[in-house]
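Here is what each chain is made of, one letter per residue.
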2 protein chains.
Amino acid sequence: MKADLLIKGGTILTLNDRMEVLEDHCLVIESGKIIQICPFAKLKCDPAETIDASGCLVMPGMINTHSHLPMTYFRGLADDLPLDTWLNKYIWPLEAKLIDHDFVFDASVHGAAEMIHSGITLTNDMYFQMSAIADACSLAGLRVIVAEAMIDSKPGGDTAIESIGRKVLELREKYADNPLVDFSLAPHAIYTCSEATLRRSAEEAVKHGLLLHMHLSETKSERESCLHTHLKSPVQYLRDLGVLEARCVFAHGVWVDEVEMAMLASAHASIALCTDSNLKLASGIAPIKAYREKGVRLSLATDGVASNNNLDLLAEMDFTAKLHKVINHDPAFLPAEELVRMATIEAARALGKGDELGSLEEGKAADLLVLNLQELEAQPLYNPYSHLVYALNSHSIRDVVIAGSIVMRSHKLVNVNETELISKAQSYKARILAEQ
Amino acid sequence: MKADLLIKGGTILTLNDRMEVLEDHCLVIESGKIIQICPFAKLKCDPAETIDASGCLVMPGMINTHSHLPMTYFRGLADDLPLDTWLNKYIWPLEAKLIDHDFVFDASVHGAAEMIHSGITLTNDMYFQMSAIADACSLAGLRVIVAEAMIDSKPGGDTAIESIGRKVLELREKYADNPLVDFSLAPHAIYTCSEATLRRSAEEAVKHGLLLHMHLSETKSERESCLHTHLKSPVQYLRDLGVLEARCVFAHGVWVDEVEMAMLASAHASIALCTDSNLKLASGIAPIKAYREKGVRLSLATDGVASNNNLDLLAEMDFTAKLHKVINHDPAFLPAEELVRMATIEAARALGKGDELGSLEEGKAADLLVLNLQELEAQPLYNPYSHLVYALNSHSIRDVVIAGSIVMRSHKLVNVNETELISKAQSYKARILAEQ
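Cut-offs and rules
- Residues numbered from 1 in each chain as written.
- Chains lettered and ligands numbered in written order.
- Predicted model: local features only at pLDDT ≥ 70, side-chain atom pairs only at ≥ 80, totals over all residues.
- Heavy atoms only, no water.
- Helix = DSSP H or I, 4+ residues; strand = E, 2+ residues; numbered from the N terminus.
- Phe/Tyr/Trp six-rings, centres within 6.5 Å; stacked < 30°, edge-to-face > 60°.
- Buried < 20%, exposed > 50% of the residue type's maximum accessible area, 1.4 Å probe, protein only.
- Lys NZ or Arg CZ within 6 Å of the ring centre and 35° of its normal.
- Contact = heavy atoms within 4.5 Å.
- Buried area = accessible area lost by both parts, 1.4 Å probe.
- Salt bridge = Lys/Arg side-chain N within 4 Å of Asp/Glu carboxyl O.
- Nonpolar A, V, L, I, M, F, W, Y, C, P; charged D, E, K, R; others polar.
- Pairing = 2+ DSSP bridges.
- Axes fitted to C-alpha atoms, helices over the stretch in contact; angles between N-to-C directions.
- Domains from an automatic or database assignment.
- Expected span 1.5 Å × (residues − 1).
- Polar contact = N/O pair within 3.5 Å; in protein donor to acceptor, adjacent residues only side chain to side chain.

## Considerations on unusual backbone geometry
All names here are of chain A.
Reasoning step 1: With an omega of 5 degrees, the peptide bond running from N308 to N309 counts as cis.
Reasoning step 2: Take N309: it is sitting in the loop between β15 (297-300) and α11 (313-327).
Reasoning step 3: Phi at L334 is positive, roughly 50 degrees, even though this residue is not glycine.
Reasoning step 4: Turning to its location among the elements, L334 is positioned in the loop between α11 and α12 (336-342).

Take a look at the structure:
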């Protein structure tokens, strides 16, 4: 049998329905997909390339369900500030002055490259200049679902869904042959979108089979403002507008009550938990235990780097597990493998891609990581899920394969020059400081 | 001027009282100490060795104020379990069967090497077989304050303080020429020590100028048990026994009220915060805001690796800052530089070593880190404290100097063979699993 790529050896975390962990097995990859998983002894294959994963962990690539790649150049620009100062004095004025195609493209290449380093193989991104984000991710080799954030604050903004809806369909056509890029519709949030934008976004999303990606109840005041303005809880309001008819990924979901949870659970909706960001901005702690009890699908997300300040889902897993153990007074709550599921197969399902991504199974896309376990902090090893969540950091991620292509080999990115990206970031820093 | 070592270039975070940040400066090191800090242009020096820190961050080594190095081989052995199951079914039976000189030495070399990798240059350790821990740290090149945990559960245990006290004084004599090793007295905790042990430990600590290191109010039930048994709060009980006469480092301090805080603040006492461990075991959240308001000195600690599961103070800084922002509803609470102070100069002061360690100043010991900033996750850089706390992970730590000796150069440990340590950990794993 011919193959493009063979991964041999190592401990394979399949994340399949039986959560199988395989030793002495191989993954055979052809045309971007896993075509065979078999014991090494039974392998009959002539691969063009082989990754020796002996002594390593092999797992599905991690999926980041909410990000803002073009904010990468704002990393650490203005920390430890109240949210309104941070937004009104720093982030929004800078965005107004700086955001153009080149800024978005360059910052997104940097962020995409950084995500690959930290084991992310798909990100669900929302910002402006969506084709620049798509091109940046394609260059780095990162899979992306990209959306143009719709904000109605400008006069005539209500018509954005018409133009953006058309643009998304055109771009979907244009990128049809690019296996890395997909699109979604992103009404930014309840407080930034009109009823018409929300309703029309959902209609377009349902009509064209697009994911709907929006912010939901990140802060308490955001929820209270909805209650005050619309006399309804945020989820009730969205439901009444038909938004829950679409497949929805809601970022944050910190301030959601149990009635809203029941509505989310009975729809194709999920919450992208942004633990680091919510803590750093003191927005609150998402009610994960109640979400799970009500059957709401959960995944993990980094949010933008400006409020995190990295793009590291291993760190999100660690924070999320430990935080919710302590606030629920239960060290057995959210065991490590649950977090690994949230960062892989559950995330794929949340994005409507559970049949293609999120686990290592024959017929699925070859999006996977090889982690080096021959390091002090990885030894001894009793349980690989525990190590992923509690012990390792992103430096353990040695190789990254996306859609069958090796995009990072022995910690070095294949498609971009990291030294050039660093120089570019430093030039933009000078420009950003000059604008402040 | 002759010198053993020159650190040139980079951004130097001094952590001195003015929190000076120096560019284009050098650190001149001789006989284990920083003998000069000056602008590069004014340097007149003939160093035996030079570290080029251009493009890097130079900072004091981090100080871990509570650890159990010999537990390193239990990393991830039994996670996501209730505390009593974890202790009674796993940790304590294994300790009873396995702990001997060789186990403690080997596990401590592994842990010490791992700490150096993550930028720790001094750890305040408590376990059994204290001379094995001292020898292990000396081998790796890690500075250590080592203590034999005193537990009175055995018959005749009350006399432990007499024999351990003598032993500590003998060892202090024996290691007098070893700049890396110091000793403390460690009555394990209120619930494991008799009144006599606590009282006598404090007397010996005061008499011989030894630090007193113990666990304090890690869990709610531990506090309640003290209230029930002694009809006093834990700190009141210790104070009445004279324990607060000694310089005390109390690990955890999760369940401490404001009256107790006032007692701690007026003594030479400090709290070693173990955020990761307290969260993972769901012990609770230390009241950092109240501690600060009452003037209690705070430092950071990893605790043992079995409840963390790494030895990484950068991660502790990140967790601690973000957690306390959210629970205090204030993103401006605990800004990044406060965390860096807690991991360096405040920790040195907590351990009674503020005159020798914790900042980069002429006359102080040359314990320092060089962090590589030429990586994607470190760029752009607006504020080095923010990057240390929120953005970077331990992989950025490139070189580590302790007592003037380079113990890690370009990510490689100088004094130990990492491959051998990994093999050894794997052998012990087999033994540990066989004992379960």
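What follows continues from the structure just given.
## Quick word on the packing of aromatic side chains
Reasoning step 1: Per the counting criterion, the structure on display carries 13 aromatic pairs over all chains.
Reasoning step 2: Where Y73(A) meets Y428(A), the ring centres are 4.6 Å apart and the plane angle is 25 degrees; that geometry is what we call stacked. Placement of Y73(A) in the loop between β8 (62-67) and α1 (83-98) and of Y428(A) in helix α15 (residues 418-435) is noted, with a sequence separation of 355 residues between them. Here Y73(A) and Y428(A) have matching classes, each one buried.
Reasoning step 3: Seen in terms of ring centroids, F103(B) and Y428(B) are 5.3 Å apart; in terms of plane orientation they differ by 90 degrees. Their pairing is edge-to-face. Here F103(B) is found in helix α2 (residues 101-117), whereas its partner Y428(B) is found in helix α15 (residues 418-435), with 325 residues between them in sequence. The same class applies to F103(B) and to Y428(B), which are both buried.
Reasoning step 4: Three or more aromatic residues joined by ring pairs form one cluster here, namely Y73(A), F74(A), F103(A) and Y428(A).
Reasoning step 5: Cation over ring: K280(B) sits above Y390(A), and NZ or CZ is 4.9 Å from the ring centre.
Reasoning step 6: Across from the ring centre of F333(B), 5.9 Å away, lies the NZ or CZ of K289(B), which sits over that ring.

## Notes on the interface of chain B and chain A
Reasoning step 1: Counting from both sides, the interface comprises 66 residues of chain B and, opposite them, 66 residues of chain A.
Reasoning step 2: Overall, the association of chain B and chain A removes approximately 5,000 Å² of surface from exposure, summing both partners, and the carbon and sulfur fraction of that is 63%.
Reasoning step 3: In this assembly, chain B and chain A are joined by 4 salt bridges.
Reasoning step 4: With 8 residues, the single largest contributor to the side of chain B that touches chain A is α15(B).
Reasoning step 5: The class makeup of the residues in the side of chain B that touches chain A is 31 nonpolar, 20 polar and 15 charged.

## A word on the sheet that holds strand β14 (residues 269-273) of chain A
Residue and element names in this part refer to chain A.
Reasoning step 1: Pairing is parallel in the open sheet, where 8 strands are placed in the order β8-β9-β10-β11-β12-β13-β14-β15. Looking at the sheet topology across the chains shown, the edges are occupied by β8 and β15. Strand after strand, the sheet turns through a mean of 25 degrees between neighbouring axes, direction not considered.

## A word on the sheet that holds strand β4 (residues 25-30) of chain B
Residues and elements named next belong to chain B.
Reasoning step 1: Read across the open sheet, the 4 strands follow the order β5-β4-β1-β6; overall the sheet is mixed. Because the sheet does not close on itself, it has two edges, and the strands there are β5 (33-39) and β6 (46-52). Geometrically, the sheet is characterised by an average inter-axis angle of 25 degrees between neighbouring strands, direction not taken into account.
Reasoning step 2: By the bridge criterion, 4 bridges tie strand β1 (residues 2-8) to β4 in an arrangement that is antiparallel. Looking at β4, one finds that I7 is bridged to L27.

## A short note on the domain arrangement of chain A
All names here are of chain A.
Reasoning step 1: Per the domain assignment, the segments of chain A are domain 1 (2-59 + 362-413) and domain 2 (62-350).
Reasoning step 2: Taken over C-alpha atoms, the centre of domain 1 sits 28 Å from the centre of domain 2.
Reasoning step 3: Contact with domain 1, which involves 26 residues of that partner, is made by 29 residues of domain 2.
Reasoning step 4: For the domain 1 and domain 2 pair, buried surface summed over both sides reaches about 2,200 Å², with 70% attributable to carbon and sulfur atoms.

## Let's talk about helix α2 (residues 101-117) of chain A
Residue and element names in this part refer to chain A.
Reasoning step 1: Across its 17 residues, α2 extends 24 Å between first and last C-alpha, which sits within 8% of the 24 Å expected from 1.5 Å per residue.
Reasoning step 2: Counting buried residues along α2, 14 of its 17 residues qualify, which places the element largely inside the surrounding structure.
Reasoning step 3: The N-terminus of α2 is capped by D100, whose side-chain oxygen sits 3.2 Å from the backbone nitrogen of D102.
Reasoning step 4: One or two positions beyond α2, positive phi appears at G119, with a value near 85 degrees.

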